[in-house]
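Single-letter residue listing:
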Amino acid sequence: MASGLVSSLSQSSFDCEDVGVNNVTYSVQDASGNTATTTVQVTVEDNITSTAIAQDITVRLGPDNTPVTVMSSQVDNGSSDNCSVTLSIAKGAVGMASSSIEFTSADMGTNNVTLTVTDPGGNTATAVAIITITSGLSSQTITFNQPADMTYGDSPQTLIASSSSGLPVSFSVDGPA
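Now for a description of the structure that goes with this document. (Residues numbered from 1 in each chain as written. Predicted model: local features only at pLDDT ≥ 70, side-chain atom pairs only at ≥ 80, totals over all residues. Heavy atoms only, no water.)

Okay, the nonpolar core next. Ranked by size, the top nonpolar core spans 19 residues in total, and within it Val 59, Val 70, Val 75, Phe 103, Val 113 and Ile 131 carry the most contacts. The dominant element in this core, judged by the number of residues it contributes, is strand 9 (residues 124-134), at five residues. Not counting the four nearest positions on each side in its chain, Val 75 is found in contact with Ile 53, Ala 54, Gln 55, Ile 57, Val 70, Ile 89, Val 113, Leu 115, Ala 129 and Ile 131. (Core = buried A, V, L, I, M, F, W, Y, C linked by side-chain atoms within 4.5 Å. Buried < 20%, exposed > 50% of the residue type's maximum accessible area, 1.4 Å probe, protein only. Helix = DSSP H or I, 4+ residues; strand = E, 2+ residues; numbered from the N terminus. Contact = heavy atoms within 4.5 Å.)

Here we come to the pairing of strand 5 (residues 68-71). Of the two faces of strand 5, the one lined by Val 68 and Val 70 is fully buried and the one lined by Thr 69 and Met 71 carries no buried residue. Of the strand pairs in this sheet, strand 5 and strand 7 (residues 100-103) are connected by four bridges, and their pairing is antiparallel. In the sheet register, Met 71 faces strand 7, and the bridge partner there is Ser 100. (Pairing = 2+ DSSP bridges.)

This paragraph deals with the pattern of salt bridges. Evaluated as defined, the whole model comprises one salt bridge. With a closest N to O distance of 3.2 Å, Lys 91 and Asp 107 form a salt bridge. Placement of the pair is Lys 91 in strand 6 (residues 86-91) and Asp 107 in the loop between strand 7 and strand 8 (109-118), with a sequence separation of 16 residues. (Salt bridge = Lys/Arg side-chain N within 4 Å of Asp/Glu carboxyl O.)

This part is about the sheet that holds strand 3 (residues 35-44). Strand order in the open sheet made by the three strands is 1-2-3, with antiparallel pairing throughout. Every interior strand has two partners, whereas the edge strands, strand 1 (6-9) and strand 3, have only one. Within the sheet, the average angular offset between the axes of one strand and its neighbour, ignoring direction, is 20 degrees. Here strand 1 pairs with strand 2 (residues 20-29) via four bridges, running antiparallel. Directly across from Leu 9, in strand 2, lies its bridge partner Tyr 26. (Axes fitted to C-alpha atoms, helices over the stretch in contact; angles between N-to-C directions.)

Attention shifts here to a nonpolar patch on the surface. On the surface, a nonpolar cluster with roughly 390 Å² of combined accessible area is contributed by Ile 142, Phe 144, Leu 159 and Phe 171. Mapping Leu 159 onto the fold places it in the loop between strand 10 (142-144) and strand 11 (161-163). (Patch = residues over 30% accessible without salt bridge, like charges linked within 9 Å, V, L, I, M, F, W, Y side chains within 5 Å. Areas by Shrake-Rupley, 256 points an atom, 1.4 Å probe, with all protein chains shown as cover.)

Along the chain, Ile 160 turns up in the loop between strand 10 and strand 11. Under the relative-accessibility criterion, Ile 160 is labelled exposed at 59%. C-alpha of Ile 160 to C-alpha of Ser 170: the two residues are 10 residues apart in sequence and 9.7 Å apart in space. Once residues lying within four places of it in the same chain are set aside, the contact partners of Ile 160 are Thr 143, Phe 144 and Asn 145.

The next point concerns the sheet that holds strand 9. The strands that make up a sheet pair up through hydrogen bonds in the backbone, lying either parallel or antiparallel. Taken in spatial order, the four strands of this open sheet run 4-9-8-6, and their pairing is mixed. Each edge of the open sheet carries a strand with a single partner, namely strand 4 (57-60) and strand 6. The mean angle between the axes of side-by-side strands here comes to 35 degrees, regardless of whether they run parallel or antiparallel. By the bridge criterion, six bridges tie strand 6 to strand 8 in an arrangement that is antiparallel.

Shown next as structure tokens:
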């Protein structure tokens, strides 16, 4: 550059937020104060591959085996990239990828899912995880007070019962009471 010329750029540092085409103003001024300005396009590329790390998880269906939603973040186990990442999961290797998947009682047992990690440059990496779907029907313990010994003709006795799940307990007597 000739002596006495001062040049400047409207932006000279770029990072992951600038991936793609960026318009940058380039200005030059001479010692007499004459200025020339032009706009140049700077294309920022991210060519560094992401790393996908998935973890296997077990998920219980909702009460009465109602569907449950699994988020991609639940399967992620520390995936990374030099830039930010977007996570998505899909059932199997070729299912429609989204940020979450709904599982129903038809999915009980083990299910392979593919975790996909995508960065702003479009670089992707995948990892497979197993999501085990279990029944939403919980086992429970029912407890009741021990009835006192009774003899025929004694007055009725009240039996009080409770369940570990907090659900109401009902019972009936079959036969003579």
